[in-house]
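So you can see what is in the structure, the chains are spelled out below.
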Amino acid sequence: MASVIEKRVDIDAIFESRSQLLELAKASGGHVRQLMQMMRSACQTASTRKHAKIISEDIEYAVKQQQFSFERFIPEEHYTHLAQVCLTKNVSKDEIGQLMLFNTSVLEYNGDKRWNYPNPVVKRNEFFQEALQSAQKQ
């Protein structure tokens, strides 16, 4: 994922260190559009704050904005389903499961097998964390 950005900008000129780029790439969960949205946000934040380069706090702000965006549209009752996806790596084939795939709160990965996992930005949400703790106790 980092290479997607590396092919478009001079990393050394834009980022304080490569670790910020990797942090951004991990937060995207492999979703290119989300990566680009957070990159744009980090650039705008760094510029607004008059930073010479993108620093960790700019990345954190961009990721947090993406998290808030998800929090605005994920219904509270979906968090128990998201916790189950986290534990089983499989999304249900019902309406809620399909909606979670559609809105990218759950991502699909392919390799030798197909599997699902909650979007890393969604996993930061306190409702998700509570649902996951509850599911692990069962």
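Here is what the cut-offs are and how they apply
Residues numbered from 1 in each chain as written. Predicted model: local features only at pLDDT ≥ 70, side-chain atom pairs only at ≥ 80, totals over all residues. Heavy atoms only, no water. Helix = DSSP H or I, 4+ residues; strand = E, 2+ residues; numbered from the N terminus. Buried < 20%, exposed > 50% of the residue type's maximum accessible area, 1.4 Å probe, protein only. Areas by Shrake-Rupley, 256 points an atom, 1.4 Å probe, with all protein chains shown as cover. Lys, Arg positive; Asp, Glu negative; His and termini not counted. Charge placed at Lys NZ, Arg CZ, Asp CG, Glu CD. Patch = residues over 30% accessible without salt bridge, like charges linked within 9 Å, V, L, I, M, F, W, Y side chains within 5 Å. Salt bridge = Lys/Arg side-chain N within 4 Å of Asp/Glu carboxyl O. Pairing = 2+ DSSP bridges. Polar contact = N/O pair within 3.5 Å; in protein donor to acceptor, adjacent residues only side chain to side chain. Core = buried A, V, L, I, M, F, W, Y, C linked by side-chain atoms within 4.5 Å. Contact = heavy atoms within 4.5 Å. Expected span 1.5 Å × (residues − 1).

### Re the overall build of the chain
Alright, step 1. Within the chain one finds 9 helices and 2 strands.
Alright, step 2. Secondary structure elements of the chain, listed N to C terminal, follow the sequence α-α-α-α-α-α-α-β-β-α-α.
Alright, step 3. Each principal axis of the C-alpha distribution contributes one length, and for the chain these read about 50 × 30 × 25 Å.
Alright, step 4. Buried residues in the chain amount to 40% of all 138 residues.
Alright, step 5. Approximately 8100 Å² of the chain is accessible, and the part contributed by carbon and sulfur atoms is 50%.
Alright, step 6. Here the chain contributes 18 positive and 17 negative side-chain charges, whose respective centroids are spaced 4 Å apart.

### Side note on a negative patch on the surface
Alright, step 1. A contiguous patch of negative charge on the surface is contributed by Glu-71, Glu-76, Glu-77, Glu-126 and Glu-130.
Alright, step 2. Within the secondary structure, Glu-130 is located in helix α9 (residues 126-137).

### Some words on the pairing of strand β2 (residues 114-118)
When a strand is regular, its side chains alternate between the sheet's two faces.
Alright, step 1. Across 5 bridges, strand β1 (residues 106-110) lies against β2 in antiparallel orientation. Bridging across to β2, Leu-107 finds its partner in Tyr-117.
Alright, step 2. Counting the residues between successive antiparallel strands, the hairpin from β1 to β2 contains 3 residues.

### Observations concerning the pattern of salt bridges
Alright, step 1. Using the criterion set out here, one finds 5 salt bridges in the structure.
Alright, step 2. One salt bridge in this structure joins Arg-124 and Glu-60, with 2.5 Å as the shortest N-O distance. With a gap of 64 residues between them, Arg-124 in the loop between α8 (120-123) and α9 and Glu-60 in helix α5 (residues 56-73) connect regions that are remote in the sequence.
Alright, step 3. The exposure class of Glu-60 is partly exposed, given its relative accessible area of 32%.
Alright, step 4. Taken together, the salt bridges that share partners define one network made up of Arg-49, Glu-57 and Asp-58.

### Describing helix α7 (residues 95-102)
Alright, step 1. Capping the start of α7 is the job of one residue whose side-chain oxygen sits 3.4 Å from the backbone nitrogen of Ile-96: Asp-94.
Alright, step 2. Phi turns positive one or two residues past the end of α7, at Thr-104, with a value near 65°.

### Some details on the nonpolar core
Alright, step 1. Within the largest apolar cluster, 34 residues are counted, with the highest numbers of intra-cluster contacts made by Phe-15 and Leu-82.
Alright, step 2. For this core, the secondary structure elements donating two or more residues are α1 (2-6), α3 (18-28), α4 (32-48), α5, α6 (78-88), α8 and α9.
Alright, step 3. If we skip the residues at most four places from it in the chain, Leu-82 touches Ile-74, Met-100, Ser-105, Val-106, Pro-118, Val-122 and Phe-128.

### Focus: α4
Alright, step 1. With 17 residues, α4 ought to run about 24 Å at 1.5 Å a step, and its terminal C-alpha atoms sit 24 Å apart, in line with that.
Alright, step 2. Looking at the buried side of α4, the elements it contacts are α1, α2 (11-14), α3, α5 and α8.
Alright, step 3. The positive-phi residue at the C-terminal boundary of α4 is Lys-50, with phi of around 60°.

### Observations regarding unusual backbone geometry
Alright, step 1. Even without being glycine, Lys-50 reaches a positive phi, approximately 60°.
Alright, step 2. Considering the arrangement of structural elements, one finds Lys-50 in the loop between α4 and α5.
Alright, step 3. For Lys-50, a relative accessible area of 73% puts it in the exposed group.
Alright, step 4. Phi is positive for Thr-104, close to 65°, though the residue is something other than glycine.

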